[in-house]
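Notes for the structure review
Given next are the chains, with one letter for each unit.
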Amino acid sequence: MKIQGHMFGWLAAFILIAAIVYGYWSNEPVGTTGLFLAFGLTAMIGYYLVFTARRVDTGAQDNKEAEVADDAGELGFFSPHSWQPLSLAIGGALAFLGIVLNWWLLYFSIPVILVGIYGWVFEYYRGADQNQ
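Since this is a predicted model, take the numbers as computed values, not measurements. (Residues numbered from 1 in each chain as written. Predicted model: local features only at pLDDT ≥ 70, side-chain atom pairs only at ≥ 80, totals over all residues. Heavy atoms only, no water.)

Considerations on the overall build of the chain
Test applied: Secondary structure is summarised from DSSP: a helix means a run of H or I of at least four residues, a strand means a run of E of at least two, and numbering begins at the N terminus for each. Each radius of gyration is computed over the set of C-alpha atoms, and the globule rule expresses the reference value as 2.2 Å times the number of residues to the power 0.38. When accessible area is computed with a 1.4 Å probe and restricted to protein chains, residues below 20% of their type maximum are described as buried, those above 50% as exposed, and intermediate ones as partly exposed. What makes two residues a contact is simply this: any of their non-hydrogen atoms within 4.5 Å. Working definition of accessibility: Shrake-Rupley area with a 1.4 Å probe, residue cover restricted to the visible protein chains. His is not counted, nor are the chain ends; Lys and Arg add positive charge and Asp and Glu add negative charge. Charge positions come from single atoms, namely NZ of Lys, CZ of Arg, CG of Asp or CD of Glu.
What the chain contains, in helices and strands, is four helices and zero strands. Secondary structure elements of the chain occur, N-terminal to C-terminal, as α-α-α-α. Taken over C-alpha atoms, the radius of gyration comes to 23 Å for the chain, far larger than the 14 Å a tight globule of 132 residues would show. Projecting the C-alpha coordinates of the chain onto the three principal axes gives extents of approximately 50 × 50 × 20 Å. Relative to its full complement of 132 residues, the chain shows a buried share of 18%. Taking contacts inside the chain between residues at least 6 apart in sequence as the whole, the part at least 24 apart equals 58%. Accessible surface for the chain amounts to roughly 10600 Å². Of this, 69% is attributable to carbon and sulfur atoms. On the chain, the mean spot of the 5 positive side-chain charges and the mean spot of the 10 negative ones are 11 Å from each other.

What follows is the structure, encoded as structure tokens:
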């Protein structure tokens with residue numbers, strides 16, 4: 001994590017220099033503001049990674065002599081057959097259509113979104129996949 005933090009630090013420095021040069025040459029406030037905001041976000045991520053790297057054990061990416069297999073292992077559990085993201089996508093699409101077309105369409109999208117969230121949270125509490 002320390003290497004990633006330093007990479008974000010160098011990227012933040014580059015974006016800061018680019019923002020200053022762009023702001024001086026272009027006199028355009030929107031792009032300059034966007035670059036300064038990108039600098040701030042990149043600096044925050046870099047600081048977080050360096051700050052967190054002091055608290056956790058050294059990872060394989062911080063060891064110059066590490067092999068690729070040293071960083072192998074379980075990354076987490078990912079549901080292979082969940083239909084809930086589809087229902088959330090449909091509910092989200094209806095909600096955005098409600099914003100674009102008319103507000104009454106939100107009445108139809110909110111139940112679809114709530115059913116999708118409920119199904120996603122409690123997907124492994126019942127049925128054949130209960131013990132996952």
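Moving on, there is more to tell.
Side note on the packing of helix α1 (residues 2–26) against helix α2 (residues 29–53)
Under the convention used in this document: Here an axis means a line fitted to C-alpha atoms, over the contact stretch when the element is a helix, while the angle between two N-to-C directions is reported on a 0 to 180 degree scale. Note on angle classes: values under 35 degrees are labelled roughly parallel, values over 145 roughly antiparallel, values of 65 to 115 roughly perpendicular, and the remainder oblique. Left-handed describes a crossing whose near helix is turned anticlockwise from the far helix through less than a right angle; right-handed describes the clockwise counterpart. Think of it as three bins: nonpolar holds Ala, Val, Leu, Ile, Met, Phe, Trp, Tyr, Cys and Pro, charged holds Asp, Glu, Lys and Arg, and polar takes everything else, Gly as well.
Interhelical geometry of α1 versus α2 gives an angle of 165 degrees and a closest axis separation of 8 Å. Compared by their axis directions, α1 and α2 come out roughly antiparallel. Our pair here, α1 against α2, has a crossing hand that is left-handed. Split by residue class, the contact of α1 with α2 holds 18 nonpolar, nine polar and one charged.

A word on a nonpolar patch on the surface
Convention followed: Patch criteria: residues need more than 30% relative accessible area and no salt bridge. Like-charged residues are merged within 9 Å; nonpolar side chains of Val, Leu, Ile, Met, Phe, Trp and Tyr are merged within 5 Å. Any carboxyl oxygen of Asp or Glu within 4 Å of a side-chain nitrogen of Lys or Arg constitutes a salt bridge here.
Nonpolar side chains collect at one region of the surface, where I110, L114, I117, Y118, V121, F122 and Y125 lie side by side and expose about 750 Å² of accessible area between them. Along the chain, V121 falls in helix α4 (residues 106–121).

Structural notes on the packing of aromatic side chains
Worth spelling out the cut-off: Pairing of aromatic side chains here covers Phe, Tyr and the six-membered ring of Trp, requires ring centres within 6.5 Å, and sorts the geometry by plane angle: under 30 degrees stacked, over 60 edge-to-face, intermediate tilted.
According to the stated counting rule, one finds five aromatic pairs in the structure shown. With a centroid separation of 5.5 Å and an interplanar angle of 80 degrees, the aromatic rings of W103 and Y107 are classed as edge-to-face. Taking relative accessible area as the criterion, W103 reaches 54% and is therefore assigned exposed. Exposure remark for Y107: the relative accessible area of 57% places this residue in the exposed category. Measuring from centroid to centroid gives 6.1 Å for W104 and F108, while their planes differ by 90 degrees, and the two rings are edge-to-face. Three or more aromatic residues joined by ring pairs form one cluster here, namely Y118, F122 and Y125.

Treat this as a map of the structure, not an account of what it does.
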